[in-house]
Amino acid sequence: MIVLRILGLSSKSYKIICIFAKIKKMIVAKNIYKTYGTLEVLKGVNLHIKKSEIVAIVGPSGAGKTTLLQILGTLDKPASEKTHELFVNGISIKNLSDKEVSAFRNQHIGFIFQFHQLLPEFTALENVCIPAFIGGKEKKETEKRAKELLDFLGLSNRYHHKPSALSGGEQQRVAVARALINSPAVIFADEPSGNLDSVSAKKLHELFFKLRDEFGQTFVLVTHNKELAEMADRKLEMKDGVIV
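A.B. asks: Sorry, what's going on with the packing of helix α7 (residues 168-180) against helix α8 (residues 198-215) here?
C.D. replies: Helix-helix packing is described using two parameters, namely the angle between the two axes and the distance between the axes. Look at α7 against α8: their axes get within 10 Å of each other, and the N-to-C directions meet at 20 degrees. The orientation of α7 with respect to α8, classified from their angle, is roughly parallel. For the crossing formed where α7 meets α8, the hand is right-handed. When α7 is examined against α8, the residues Gly169, Gln172, Arg173, Val176 and Leu180 are found in contact with a partner set consisting of Ser200, Leu204, Leu207, Phe208 and Leu211. The class makeup of the residues in the contact of α7 with α8 is 6 nonpolar, 3 polar and 1 charged.

A.B. asks: So what exactly am I meant to see when it comes to the packing of aromatic side chains here?
C.D. replies: The description of two aromatic rings rests on the distance between their centres and on the angle between their planes. Applying the stated criterion across every chain yields a total of 4 aromatic pairs. Relative to Phe113, the ring of Phe111 lies with its centre 6.0 Å away and its plane at 10 degrees, an arrangement referred to as stacked. When its relative accessible area of 16% is taken as the criterion, Phe111 is described as buried. Taking the centre distance of 5.4 Å and the plane angle of 40 degrees together, the rings of Phe208 and Phe219 count as tilted. One end of the pair, Phe208, is in helix α8; the other, Phe219, is in strand β8 (residues 218-222), and 11 residues separate them in sequence.

A.B. asks: Which parts of the structure should I look at to understand the pairing of strand β7 (residues 186-190)?
C.D. replies: On any regular strand, side chains alternate: one points to one face of the sheet, the next to the other face. When you tally the buried positions in β7, you get 5 out of 5 residues, the bulk of the element. Neither face of β7 is exposed, since Val186, Phe188 and Asp190 on one face and Ile187 and Ala189 on the opposite face are all buried. Bridge count for strand β6 (residues 109-113) against β7 is 5 bridges, and the pairing is parallel. Bridge pairing in β7 places Phe113 opposite Asp190. In terms of strand pairing, β7 meets β8 through 5 bridges, oriented parallel. Among the inter-strand pairings, Phe188 is bridged to a residue of β8, identified as Val220. With respect to chirality, the unit in which β7 leads through α8 into the neighbouring parallel β8 is right-handed.

Reading the values: the criteria
- Residues numbered from 1 in each chain as written.
- Predicted model: local features only at pLDDT ≥ 70, side-chain atom pairs only at ≥ 80, totals over all residues.
- Heavy atoms only, no water.
- Axes fitted to C-alpha atoms, helices over the stretch in contact; angles between N-to-C directions.
- Helix = DSSP H or I, 4+ residues; strand = E, 2+ residues; numbered from the N terminus.
- Parallel < 35°, antiparallel > 145°, perpendicular 65-115°, else oblique.
- Left-handed = near helix turned anticlockwise from the far one by under 90°.
- Contact = heavy atoms within 4.5 Å.
- Nonpolar A, V, L, I, M, F, W, Y, C, P; charged D, E, K, R; others polar.
- Phe/Tyr/Trp six-rings, centres within 6.5 Å; stacked < 30°, edge-to-face > 60°.
- Buried < 20%, exposed > 50% of the residue type's maximum accessible area, 1.4 Å probe, protein only.
- Pairing = 2+ DSSP bridges.
- Right-handed = clockwise from strand over helix to strand, strands pointing away.

Read these as geometric descriptors, not functional statements.
Pasting the structure below:
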């Protein structure tokens, strides 16, 4: 108990850390609630996701999928009045300051969105480099890593093209490279193929599995795409703010 006090951990948090060590969980979330005003969006979500697992979260619009993804990805916080636990890559998120959460997110988490969110005034190479520059990495090392990723994703001839000069599929692959630049432990994707044609969507889905096999990342995907959901290692269905 003295050790726990020194570490600032409750016995419950210590038990969760032991679970991580034993069964290699990437994410453990317990009793996650979220309200907006009087609207309760998440109603006590519990889940665990293993390292290098690809998990699809499915369900109707309004079920709370994106809200859950944002909380797991540290972009939002659970309801503070509810006792909860959230561990990502062995770290207790609720014990971090806002500044520490931002640094943790930059180092350990990557994001892919439905609309690629590339900055239009920057080239593909520059867009990929941005998270690494935010993390304080050197330009030479970062650009080398960015080019390796773009090459891996079949974009070796698109380094200096701005987003407007790229196809939809190419834009999304640049976004994938940006998500990978800091070698994150987990990647969260919100409707990643929702803005793509069927051919580009299929290629993107296959790419996720290739990336997992190549780099060992964990993927958490929110999707309405049945094909992608069925390809995942595990499918979690949400309804009315809970996993059913």
